[in-house]
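Residue strings, one per chain:
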Amino acid sequence: MNYYLSDEQKMVQDLARKIAQEKMIPVAAKYDITEEYPWDIIKIIADAGLFGLFIPEAYGGMGVGVLNLCLATEELSRACGGIAVCYAASALGTFPIVLFGNDEQNKKYLPDLAAGKKVAAFGITEPEAGSDASAIKTTARKEGNHYVLNGIKHFITNGGDAETYVVIAMTDKNRGARGASAFIVEKGTPGFTFGKKEEKLGIRASSTSELIFTDCKIPKENLLAKEGMGFIVTMKTFDMSRPGVAAQALGIAQGSLDVAVKYSRERVQFGKSISSFQGIQWMLADMATQVEASRALVYACAREIDNGEKDVAKDSAMAKMYASDVAMKVTTDAVQILGGYGYMKDYPAEKFMRDAKITQIYEGTNQIQRNIIALQLIKEAAKK
């Protein structure tokens, strides 16, 4: 479909596609096996200027918005979800600073993040606080001109490799969610260490690690916004970043569809290509329709954000939920079309399926997304 992208948006799309096809596809299987962080590809993405797409020009970025970020993420994910999430997760860690950082914080952190000299990560999830983000136990105690952090975050994408972290911690446990605050923490700060690197089903090129804070002292200037605004920082960040997860899911789905269509034309059974069989044709038709519907929803949501819509929680949740469910469905069908070959690591279909699963889980499970959508619908109905 024609989404009437601007020349600038087409340029971003073409640039990311070129990187994906020429640089990522040849090494995707290698990084999936070794689980190394793909610094060489990150540098290529950084040199192309893609890290600065959504960062204001005043701080070294291009200031062109979330849709451009989604276009780049989709194309990179079409080649490898694991490498692409290293890029997208840095955006997740950067959004809180873009949204809530003061001028001094922005000047200090955003230029290096925009240039891709450093990557970022966002730390909220804990062993006992997953979907219930308000249950976090990491604390930040103010002592003079510093805050002292104690606690553990886990399942943090880019954990250990990122240099800049935005961490949510409780400054007043008695206030529940209103007692959470957001802090910028730099790698190398005394008392800030990393736990084990998780071994995962998919997105294996990306690092997922624990963040451990043991009497970690950070200056009070590293507080984002105000004390007690951590939960608001988190929710507003997710509203901005969930279309990026949706774009990752969309790219994974499109990549697996590409593989399935190509294979169906080449695979011969009963004297003809399996693409001539109606059963396969109907599967491909459904897959393509679902992918295109996802794309329409993701792009529309990203445009809303770029056009200044304030209340995008429902639409953002819809985009993330629908696109990731489609990614799981489409990648599973792609494996089915490839048959036995789809189950083998010599072909990329099984990797697409493994990479797709996490998009239904992180940045809020799809069950949580449905809660957000339904609650917003009910609120809207009550206003009428």
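The preceding data block contains the structure.
Procedures and definitions
- Residues numbered from 1 in each chain as written.
- Predicted model: local features only at pLDDT ≥ 70, side-chain atom pairs only at ≥ 80, totals over all residues.
- Heavy atoms only, no water.
- Helix = DSSP H or I, 4+ residues; strand = E, 2+ residues; numbered from the N terminus.
- Rg over C-alpha atoms; globule rule 2.2 N^0.38 Å.
- Buried < 20%, exposed > 50% of the residue type's maximum accessible area, 1.4 Å probe, protein only.
- Contact = heavy atoms within 4.5 Å.
- Areas by Shrake-Rupley, 256 points an atom, 1.4 Å probe, with all protein chains shown as cover.
- Expected span 1.5 Å × (residues − 1).
- Arc of directions from axis to C-beta.
- Salt bridge = Lys/Arg side-chain N within 4 Å of Asp/Glu carboxyl O.
- Axes fitted to C-alpha atoms, helices over the stretch in contact; angles between N-to-C directions.
- Left-handed = near helix turned anticlockwise from the far one by under 90°.
- Nonpolar A, V, L, I, M, F, W, Y, C, P; charged D, E, K, R; others polar.
- Core = buried A, V, L, I, M, F, W, Y, C linked by side-chain atoms within 4.5 Å.
- Parallel < 35°, antiparallel > 145°, perpendicular 65-115°, else oblique.
- Phe/Tyr/Trp six-rings, centres within 6.5 Å; stacked < 30°, edge-to-face > 60°.
- Lys NZ or Arg CZ within 6 Å of the ring centre and 35° of its normal.
- 1 Å grid on protein atoms, 1.4 Å probe; cavity = no way out; pocket = protein on both sides within 12 Å on 5 of 7 lines; lining within 4 Å.
- Points joined across faces, edges and corners; volume = space filled by probe spheres on them.

Asks: Where do I start with the overall build of the protein in this structure?
Replies: The number of helices and strands found in the protein is ten helices and ten strands. Expected size for 384 residues packed as a compact globule is a radius of gyration near 21 Å; at 21 Å, the protein falls within 12% of this value. Counting across all 384 residues of the protein, residues that qualify as buried make up 54%. Considering only contacts within the protein whose residues lie at least 6 apart along the sequence, 74% involve residues at least 24 apart. For the protein, the accessible area works out to roughly 16900 Å², and carbon and sulfur atoms hold 54% of it.

Asks: Is there a simple way to explain helix α10 (residues 366–383) in this structure?
Replies: Given 3.6 residues per helical turn, the α-helix brings residues three or four places apart onto the same face. The terminal C-alpha atoms of α10 lie 26 Å apart, and with 18 residues this matches the ideal 26 Å at 1.5 Å per residue to within 8%. Every buried residue of α10 is accounted for by Asn366, Gln369, Ile373 and Gln376. Buried residues along α10 cover an arc of 80° about the axis, so they all sit on one side. Exposed side of α10, more than 90 degrees from the buried face: Gln367, Leu375, Ile378, Lys379 and Ala382 are the residues found there. Structurally, α10 contributes buried residues whose contacts are with α6 (230–266) and α8 (313–338).

Asks: Whenever I open this one, unusual backbone geometry confuses me. Can you help?
Replies: Leaving glycine aside, a negative phi is the common case for residues, and trans is the common case for peptide bonds. Phi at Asn158 is positive, roughly 75°, even though this residue is not glycine. Mapped onto the elements, Asn158 comes out in the loop between β3 (146–157) and β4 (164–170). You can call Asn158 buried: its relative accessible area is 0%.

Asks: Looking at this structure, I do not really get the pattern of salt bridges. What am I missing?
Replies: For the coordinates displayed, the defined rule picks out 23 salt bridges. Two residues, Arg17 and Glu75, come together in a salt bridge whose shortest N-O distance is 2.9 Å. Taken as a pair, Arg17 in helix α1 (residues 7–34) and Glu75 in helix α3 (residues 66–77) lie far apart in primary sequence, 58 residues in all. When its relative accessible area of 27% is taken as the criterion, Arg17 is described as partly exposed. When its relative accessible area of 3% is taken as the criterion, Glu75 is described as buried. For Lys137, the salt bridge identified is with Glu128, shortest N-O distance 2.8 Å. Of the two residues examined, Lys137 and Glu128, each falls in the exposed class.

Asks: Would you mind showing me how to read the packing of helix α4 (residues 81–100) against helix α5 (residues 103–114) here?
Replies: Two packed helices can be described by the angle between their axes and the distance between those axes. Put simply, α4 and α5 touch, their axes get as near as 10 Å, and they point 145° apart. Seen from above, α4 lies across α5 with left-handed handedness. On α5, the residues touching Thr94, Ile97, Val98 and Phe100 of α4 are Gln105, Asn106, Tyr109, Leu110 and Leu113. Grouping the constituent residues of the contact of α4 with α5 by class yields six nonpolar, three polar and no charged.

Asks: Would you explain the nonpolar core in this entry?
Replies: Across soluble globular proteins, nonpolar side chains have a tendency to be buried as a group. Ranked by internal contacts, the top residues of the largest apolar core, which has 113 residues, are Met24, Leu50, Tyr87, Leu149 and Val185. With 13 residues, the single largest contributor to this core is α6.

Asks: Hey, could you run me through the packing of α3 against α6 in this one?
Replies: Orientation of α3 relative to α6, taken along the N-to-C sense of each, is 30°, at an axis distance of 7 Å. With respect to α6, the element α3 is oriented roughly parallel. Regarding α3 and α6, the two cross each other, and that crossing is right-handed. Along its contact with α3, which presents Val66, Cys70, Thr73, Glu74 and Ser77, the element α6 presents Met240, Pro243, Gly244, Ala247, Gln248, Leu250, Gly251 and Ile252.

Asks: How do you make sense of the packing of aromatic side chains when you look at a structure like this?
Replies: Each aromatic ring pair is characterised by the separation of its centres together with the angle its planes make. One pass over the structure, following the stated rule, counts 14 aromatic pairs. For the ring pair Tyr165 and Phe192, a centre distance of 5.1 Å and an interplane angle of 90° mean the geometry is edge-to-face. Here Tyr165, found in strand β4, pairs with Phe192, found in strand β6 (residues 192–197); they are 27 residues apart in sequence, far enough to count as distant. The pair formed by Tyr165 and Phe192 is uniform in burial state, with each residue classed as buried. On the numbers, 4.7 Å between centres and 15° between planes, the contact of Phe192 with Phe213 is stacked. With Phe192 in strand β6 and Phe213 in strand β7 (residues 208–219), the pair connects residues that are 21 residues apart, well separated along the chain. Aromatic ring contacts, followed pair by pair, group Tyr165, Phe192, Phe194 and Phe213 into a single cluster. Above the ring of Tyr31, the side-chain terminus of Lys30 is found at 4.4 Å from the ring centroid.

Asks: Whenever I open this one, the layout of surface pockets confuses me. Can you help?
Replies: If a probe as big as a water molecule is rolled over the atoms, it shows which places are left empty. Put simply, the second largest pocket is a space of about 660 Å³. Lining the second largest pocket are 29 residues, and of these Ile25, Val259, Tyr347, Pro348 and Phe352 sit closest to its centre. Of all elements in the fold, only α1, α6 and α9 (349–357) reach the threshold of two or more residues within the lining of the second largest pocket. Tallying contributions element by element places α1 first for the lining of the second largest pocket, with nine residues.

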